[in-house]
Each structure stands twice: as C-alpha cells, then as structure tokens.
Amino acid sequence: MTTTQPPGTPLGSLPPREHLRLGQIATVLDVVIPVYNEERDLEPCVRRLREHLARTFPYGFRITIADNASTDRTPEVAARLDDALEEVTAVRLERKGRGRALRTVWSLSEAPVLAYMDVDLSTDLNALLPLVAPLISGHSDLAIGSRLSRGARVVRGPKREFISRMYNLILRGSLAARFSDAQCGFKAIRGEVAERLLPMVEDTGWFFDTELLVLAERAGLRIHEVPVDWVDDPHSTVQLVRTATDDLKGVWRVGRALGTGALPLDRLARPFGDDPRDRELSGVPGGLARQLVGFCAVGGLSTLLYLGLYSLFRLGTGAQLANAAALLLSAVANTAANRRLTFGVRGRDRAVRHQAQGLVVFAIGLVLTSGSLAALDAASGTPSHGTELAVLVSANLAATVLRFLLFRAWVFPDRAGRDDPATPPYPSHDRNDRTRSTR
C-alpha cells in the first residue's frame, strides 16, 4: 500500500515514530535466519525459535530462512520446515553473503518490525522481546543485542573476545561510533526505516551490520541496546582473518563517504517529537542555540588542531609562516566540520563554494592572528613560545566570534534561516521521496 507522507513531514525525511497499530497487522515481526551449509543445526534452531515465539510473543510472527547458496542438504531441510510449519518461510539465494540475504528478505517483507539472528542461537532468546519492544512502541528505530555493554553475560574464548573489543575500539576511533557491539548476530529494525536505509548500505557480507548501524547513527536515528547472555559456538565457520580484513576495508569506505558527504542521510531524519509543542515553541531560537553548541564544539577541536600544527611547524620555520600554515589546514577542516555538523549541509552540492568562502573567512582570521603576532614582536622583541600561544588564543577567540557570524549569515545562510532541525538544507530531487511504501 502506498501513502503520502503525513502533513508537516519534510520532503525526503521520515515521519515521527509512533506506536504500531497492532490490531490491523497480521504479521508484526519477521525474524530472518541467514544460513549457509547448516543442515545439522537448522531444524532444531527453527523449531526452538518458533516454540519460544509462540509462547512469549503476543503478536503475529514469521520466521524466514534465508539460504545463502548452500551446497549441502540445507535447502531440503528449509523446504521441509516451510511445508511443516505455518509460520516458517524458506527463501533461496544463489549467491553468498549475510548482508545480501538480509537486504533481500527485509526488502520484500511487509512486517513492520524486522529482525535477524544467527542460526546457532548463541544469544539467549529471552532477549528477543526486549529487543523488539522499543520498535513496536515507537521509542526506537533500530535495536541491537550487545555482548559488550554492562549487564551482558558472555562465554567465549580470549581470541574472539580480543578481536571483538578491538574492532569496536576501531569503530569508535575512526567512525565515532557510540554503539557498543556492531557484530552481535541479534538485531532488529523498523520496516519504514529499513526501506530508506537499506539502499544506502553497500556491503553484502559481514560488514553489513556495521555499515547499517553507522549510517543510522549518523542520521540521528535512535539505536536501542539490549545486554544479552551469549555463548560462543565452537563450531563457527566464520573466517576471522578474512572477515577482519573486509571489515577494515568497509570502515575506510564508509568513513570516506561520510567525510565527503556522499550519502543522503537527510532522508532518514526524524522530527524532534510527535508532540506539536515540540515544533511550536515561541520565543526560543532553536536553530541558533543548536548551531552555537555545534560551532563551539567544532571550534574547540579546531583550536587544539591549530595549536598542535603551529607547535609542529614552529620547530622548522618562523612564527608567521607556521601560523599561516597551521591556520590554513585547520580552517579547511573547520569549514568541512561546521558544514556537516553545525549547519547540517550534506552532499557535495556547493561544497567547493563553501570551502572558498571559508578561505575568505580564514583570511580574516589570518589578519587578526598575524597582526597580533606582529604587535607582540614589536612590543617585546623575542617573546617566549608560551607568550606566543597565549596571544594566539586570544586572537583566535575574537576570530571565532566573527567566523560564526560570517558562517551563519554568508557561507550557510539557507540552513541558518531555518528553525526546524529536521528540515533538509536543500530540496531533494528524488522522485521516490514523494511517497513511501508502508509495511
């Protein structure tokens, strides 16, 4: 069924979250089990999961077996379960890849809540209802089981424990991820979110989960974490070295795409809330306050970057040249960060123009800081390095205030004039944004 977006929803963004109308939906939850050559474990897993859902889940459900081009008897077992159990459906894919299987089945499913779990059922099934409940209630957009959050109980070898923790540290350091466990095979997503998010996810293998979560988090979607009880499967066929290599390649690819603004994440934006008062506050310049917070955060990091670069360049050159080089590099980074984080401009449209305008703002800052250094040299002759840094900090504070005013009024005027943080900075021209398919 196709419906237009609710009134007041910005073109291309998601509507406010709301509780699912469960009385009108036959199948609320679709749990996908991706398998490859699992003829031994598949049937006991599916029967155990079905019995658990029938006993604990109060709404209609379906279990979908996604066979990833198995070469053993897995397709026969899946077909037999499809015939024997009303709630079970088997889907055959002729190409391998867990991400490919999830994308295929989730894209075809009409259930409003989509989930998946590994066939070994390493995760305690008692976490399934807490996993999907926030999605049904409208509180969250995605939900993940976490083996690394407080309250989780995990049994596994030191090698897998080390690799898992190191991988999540890499995600935090390189992609600024805040979720605690990217690779746990126990996740769920709301259907309307999957409809928008899946076309943006390129990976078809094990990195699919991480890419999905990183893009969702960067778009401002809410990710609910459930601490789980998890027991390692000693017979797992996952190739750790190859998987880790592919994951690192994926981290580089996604980081580059986010850095260049190549992803239309504004299509995943949610309004602040479903209460009309959230968008009708009088006398409060919400856009200005939010931009000030973002600008100050970016400015603080830029100042640290600038001072570090200045100290580095000062080892081999004079104060004026070191100041100019440090200010130029930090200004480029500052403009890019403010463009994305403070003023919400995504994509490559006008990126060159914004950087050019940012360089003009940089020139003004250069005049202020260079003039301060020149005045210091004239006054004291040979100032100490600490005195130079103190003067530069003061000059940069003045330049920062002027930079914000110029950014808001000249460089990013379109975004600055809007009070609704969910409104995209530029109109979307995607014909599919005019309607959305409800599940």
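Residues numbered from 1 in each chain as written. Predicted model: local features only at pLDDT ≥ 70, side-chain atom pairs only at ≥ 80, totals over all residues. Heavy atoms only, no water.

Visitor: Give a description of unusual backbone geometry that names residues and reports values.
Guide: You will see that asparagine 37, though not glycine, has its phi angle at about 55°, which is positive. Checked against the element boundaries, asparagine 37 lands in the loop between β2 (29-35) and α1 (42-56). The phi dihedral of leucine 121 falls on the positive side, at around 50°, and the residue is not glycine. Following the sequence through the fold, leucine 121 ends up in the loop between β5 (113-117) and α4 (128-137). (Helix = DSSP H or I, 4+ residues; strand = E, 2+ residues; numbered from the N terminus.)

Visitor: Can you explain the pattern of salt bridges? Please cite residues and give values.
Guide: Applying the stated criterion to the full structure yields 21 salt bridges. When the shortest N-O distance is used, the salt bridge between arginine 62 and aspartate 30 registers 3.0 Å. Of this pair, arginine 62 sits in strand β3 (residues 61-68) while aspartate 30 sits in strand β2; the two residues are 32 residues apart in sequence, bridging distant segments of the chain. Across the salt bridge formed by arginine 40 and aspartate 41, the nearest N and O atoms sit 3.2 Å from each other. The network of salt bridges with common partners includes Arg98, Asp118, Lys187 and Asp209. (Salt bridge = Lys/Arg side-chain N within 4 Å of Asp/Glu carboxyl O.)

Visitor: Talk me through the packing of aromatic side chains; I want residue IDs and the actual numbers.
Guide: Applying the stated criterion to the full structure yields 9 aromatic pairs. Taken together through their ring pairs, the aromatic side chains of Phe295, Phe343, Phe404, Phe407 and Phe412 make up a single cluster. The ring of tryptophan 230 carries arginine 147 above its face, with NZ or CZ at 4.8 Å from the centroid. (Phe/Tyr/Trp six-rings, centres within 6.5 Å; stacked < 30°, edge-to-face > 60°. Lys NZ or Arg CZ within 6 Å of the ring centre and 35° of its normal.)

Visitor: Tell me about the side chain of glutamate 211, and please be specific about residues and values.
Guide: As for its position among the elements, glutamate 211 is in helix α7 (residues 208-218). Overall, glutamate 211 belongs to the buried group, its relative accessible area being 2%. Only 3.1 Å separates the side chain of glutamate 211 from the backbone nitrogen of aspartate 203, close enough to count as a polar contact. Leaving out residues up to four positions away in the same chain, glutamate 211 has contacts with Met200, Val201, Glu202, Asp203, Arg253 and Val254. (Buried < 20%, exposed > 50% of the residue type's maximum accessible area, 1.4 Å probe, protein only. Polar contact = N/O pair within 3.5 Å; in protein donor to acceptor, adjacent residues only side chain to side chain. Contact = heavy atoms within 4.5 Å.)

Visitor: With reference to specific residues and values, describe the pairing of β5.
Guide: For a regular strand, side chains alternate in direction, first toward one face of the sheet and then toward the other. Of all 5 residues making up β5, 5 are buried, and the element is well covered by its neighbours. Burial of the side chains of β5 extends over both faces: Val113, Ala115 and Met117 are buried on one face and Leu114 and Tyr116 on the other. As paired elements, β2 and β5 share 4 bridges and run parallel to each other. Counted as the bridge partner of leucine 29 is valine 113 from β5. Here 5 bridges tie β5 to strand β8 (residues 186-190), and the two strands are oriented antiparallel to one another. If you follow leucine 114 over to β8, its bridge partner there is isoleucine 189. (Pairing = 2+ DSSP bridges.)

Visitor: Go over a nonpolar patch on the surface, please, and point to the residues and values.
Guide: Taken together, the side chains of Val360, Ile364, Leu368, Leu402 and Trp410 make up a nonpolar region of the molecular surface, amounting to roughly 380 Å² of accessible area. Those elements giving two or more residues to the nonpolar patch turn out to be α11 (351-380) and α12 (385-411). By secondary structure assignment, the location of leucine 368 is in helix α11. (Patch = residues over 30% accessible without salt bridge, like charges linked within 9 Å, V, L, I, M, F, W, Y side chains within 5 Å. Areas by Shrake-Rupley, 256 points an atom, 1.4 Å probe, with all protein chains shown as cover.)

Visitor: I'd like to hear about the sheet that holds strand β9 (residues 223-227), residue by residue, with values.
Guide: With mixed pairing, the 7 strands of this open sheet are ordered in space as β4-β3-β2-β5-β8-β6-β9. A strand with exactly one partner marks an edge of an open sheet, and here the two such strands are β4 (88-93) and β9. Ignoring which end each strand starts from, the neighbouring axes of this sheet average 20° apart. As defined by bridge partners, β3 adjoins β4 across 6 bridges and the pair is classed as parallel. (Axes fitted to C-alpha atoms, helices over the stretch in contact; angles between N-to-C directions.)

Visitor: For the environment of leucine 392, give the residues involved together with the corresponding values.
Guide: Tracing the sequence through the fold places leucine 392 in helix α12. Between the C-alpha atoms of leucine 392 and asparagine 323, which are 69 residues apart in sequence, the distance is 9.0 Å. Those residues within four positions of leucine 392 in sequence are excluded, and the remaining contacts are Tyr306, Tyr310, Asn323, Thr369 and Leu373.

Visitor: So, the confidence of the model for the chain: which residues are in play, and what are the values?
Guide: Per-residue pLDDT for the chain averages 82, and the proportion of residues at 70 or more is 85%. Considering each helix and strand of the chain separately, the mean pLDDT is smallest for strand β1 (residues 2-4), with a value of 34, and largest for β5, with 97. Ignoring residues within four places in sequence, the model shows residues 277-286, a span with pLDDT below 50, making 5 contacts including any to other chains. (pLDDT = per-residue confidence, 0-100.)

Visitor: Now, about helix α5 (residues 158-175): what can you tell me, with residues and values included?
Guide: Taking 1.5 Å of rise per residue, the 18 residues of α5 would be expected to cover 26 Å, and the 25 Å separating its terminal C-alpha atoms lies within 8% of that figure. The first or second residue beyond α5 is alanine 176, which carries a positive phi of 55°. (Expected span 1.5 Å × (residues − 1).)

Visitor: Hey, could you go over α7 for me, with residue numbers and the actual values?
Guide: Within α7, 10 of the 11 residues are buried, which leaves the element mostly enclosed by the surrounding structure. Within α7 the residues assigned to the buried category are Phe208, Asp209, Thr210, Glu211, Leu212, Leu213, Val214, Leu215, Ala216 and Glu217.

Visitor: Describe the pairing of β8, and please don't skip the residues or the numbers.
Guide: The element β8 is extensively covered by neighbouring structure, given that 5 of its 5 residues are classed as buried. Neither face of β8 is open: one carries Phe186, Ala188 and Arg190, the other Lys187 and Ile189, and all of them are buried. When strand β6 (residues 142-146) meets β8, the two strands line up antiparallel, connected through 3 bridges. Note that in β8 the partner of leucine 142 across the bridge is isoleucine 189.

Visitor: Before we move on, could you go through the nonpolar core and cite the residues and values that matter?
Guide: Within the largest apolar cluster, 42 residues are counted, with the highest numbers of intra-cluster contacts made by Trp106, Leu142, Phe179, Leu197 and Leu215. When residues of this core are traced back to their parent elements, those giving at least two are α3 (98-108), β5, β6, α5, α6 (191-197), α7 and α8 (240-260). Ranked by residue count, the leading element in this core is α7, at 6 residues. Other than its neighbours up to four places away in sequence, leucine 142 contacts Leu135, Ala188, Ile189, Val193, Leu197, Leu212, Leu213, Ala216, Leu221, Arg222, Ile223 and His224. If you look at the next biggest cluster of nonpolar residues, it comprises 40 residues, including Phe61, Leu85, Leu128 and Leu135. (Core = buried A, V, L, I, M, F, W, Y, C linked by side-chain atoms within 4.5 Å.)

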